[in-house]
Amino acid sequence: MKFAEFHAGQAIEAGPYEVSEEEIVRFATAYDPQWFHTDAQAAKGGRFEGLIASGWHTCGIAMRLVADAALAGSESFASPGLAYVKWPHPVRPGDRLTVRATVVEVRRSKGQSALGILRWRWQLFNAKGTEVLDLEATSLFDLAP
C-alpha cells in the first residue's frame with residue numbers, strides 16, 4: 001500500500017499463519033534459547049505446561065504478515081521504534097495467527113515534507129480469538145518525488 005492509502009481508523013487484517021513446533025525451536029535456538037522455547041519435554045512441566053514461542057518470534061510473525069499485507073510496494077523505509085510491546089498470552093505449536101493492524105495516525109513530518117509518518121497498532125490473535133501480541137509501531141515513508 002502507498003502512504004496515501006492509509007487513514008486513521010483503518011484496519012488491515014492478514015493471515016492466518018500457522019506456527020510449527022520446529023519453527024518455534026529453530027527460532028529460539030538461534031535467538032532466545034530459554035528452555036521453555038527449546039525443550040518440549042522440559043516445557044511440559046513448566047508454568048505454561050508446554051512449549052511456547054519466543055515473544056520476539058511472535059513479533060517477527062506479525063512483521064511478516066504486515067509486510068505482506070500493507071508494506072509491500074510502499075514507500076516505507078524504516079521505523080524509529082515501538083511505543084510498547086505486550087505478549088498477553090503465549091503462542092503454541094499449531095497456533096494459526098492473524099494480525100489486525102489499526103491505523104492510529106497518518107501525517108507528514110513538520111520539518112521534512114517528504115517524510116510520511118504512520119503510527120499503528122498491531123494485534124495478533126490465535127484461532128480462538130485470544131490476543132497473543134499487542135504493539136504500537138511507527139513506520140516512516142519516503143515521499144520524495
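Residues numbered from 1 in each chain as written. Predicted model: local features only at pLDDT ≥ 70, side-chain atom pairs only at ≥ 80, totals over all residues. Heavy atoms only, no water.

Q: Could you give me a rundown of the sheet that holds strand S3 (residues 96–108), with the residues and numbers involved?
A: Taken together, the five strands give an open sheet; going across it, the order is S1-S3-S4-S5-S2, and neighbouring strands pair in antiparallel fashion. Sheet topology places strand S1 (11–18) and strand S2 (76–86) at the edges, where each strand pairs with a single neighbour. Adjacent strand axes in the sheet meet at a mean angle of 25° when their direction is disregarded. In terms of strand pairing, S2 meets strand S5 (residues 131–142) through seven bridges, oriented antiparallel. Across the sheet, Lys 86 pairs through a bridge with Asp 134, a residue of S5. Along the sheet, helix H4 (residues 55–71) contacts S1, S2, S3, strand S4 (115–125) and S5; its crossing angle with S4, the most-contacted strand, is approximately 125°. (Pairing = 2+ DSSP bridges. Helix = DSSP H or I, 4+ residues; strand = E, 2+ residues; numbered from the N terminus. Axes fitted to C-alpha atoms, helices over the stretch in contact; angles between N-to-C directions. Contact = heavy atoms within 4.5 Å.)

Q: Summarise the packing of aromatic side chains; cite the residues concerned and give the values.
A: A full pass over the atoms with the stated rule returns seven aromatic pairs. Ring geometry for Trp 56 versus Trp 87: centroids 5.0 Å apart, planes at 80°, classification edge-to-face. Taken together, the residues span a long stretch of sequence, with Trp 56 in helix H4 and Trp 87 in the loop between S2 and S3 at a distance of 31 residues. Trp 56 gets classed as exposed once you look at its relative accessible area, which sits at 51%. Taking the relative accessible area as the measure of exposure, Trp 87 reaches 36% and is therefore partly exposed. (Phe/Tyr/Trp six-rings, centres within 6.5 Å; stacked < 30°, edge-to-face > 60°. Buried < 20%, exposed > 50% of the residue type's maximum accessible area, 1.4 Å probe, protein only.)

Q: Account for the side chain of Asp 32, with residues named and values stated.
A: Mapping Asp 32 onto the fold places it in the loop between helix H1 (21–31) and helix H2 (35–38). Among the polar contacts listed, one links the side chain of Asp 32 to the side chain of His 37, at a separation of 3.4 Å. Here Asp 32 is in contact with Phe 27, His 37, Ser 54 and Trp 56, once residues within four sequence places are set aside. (Polar contact = N/O pair within 3.5 Å; in protein donor to acceptor, adjacent residues only side chain to side chain.)

Q: Break down the pairing of S5 for me, citing the residues and quoting the values.
A: Extensive coverage of S5 is indicated by the burial of ten of its twelve residues. As paired strands, S4 and S5 are joined by eleven bridges and run antiparallel to one another. Across the sheet, the residue bridging to Leu 118 is Ser 139, located in S5. Linking S4 back to S5 in an antiparallel pair, the connection comprises five residues, with Gly 129 at a positive phi of about 85°.

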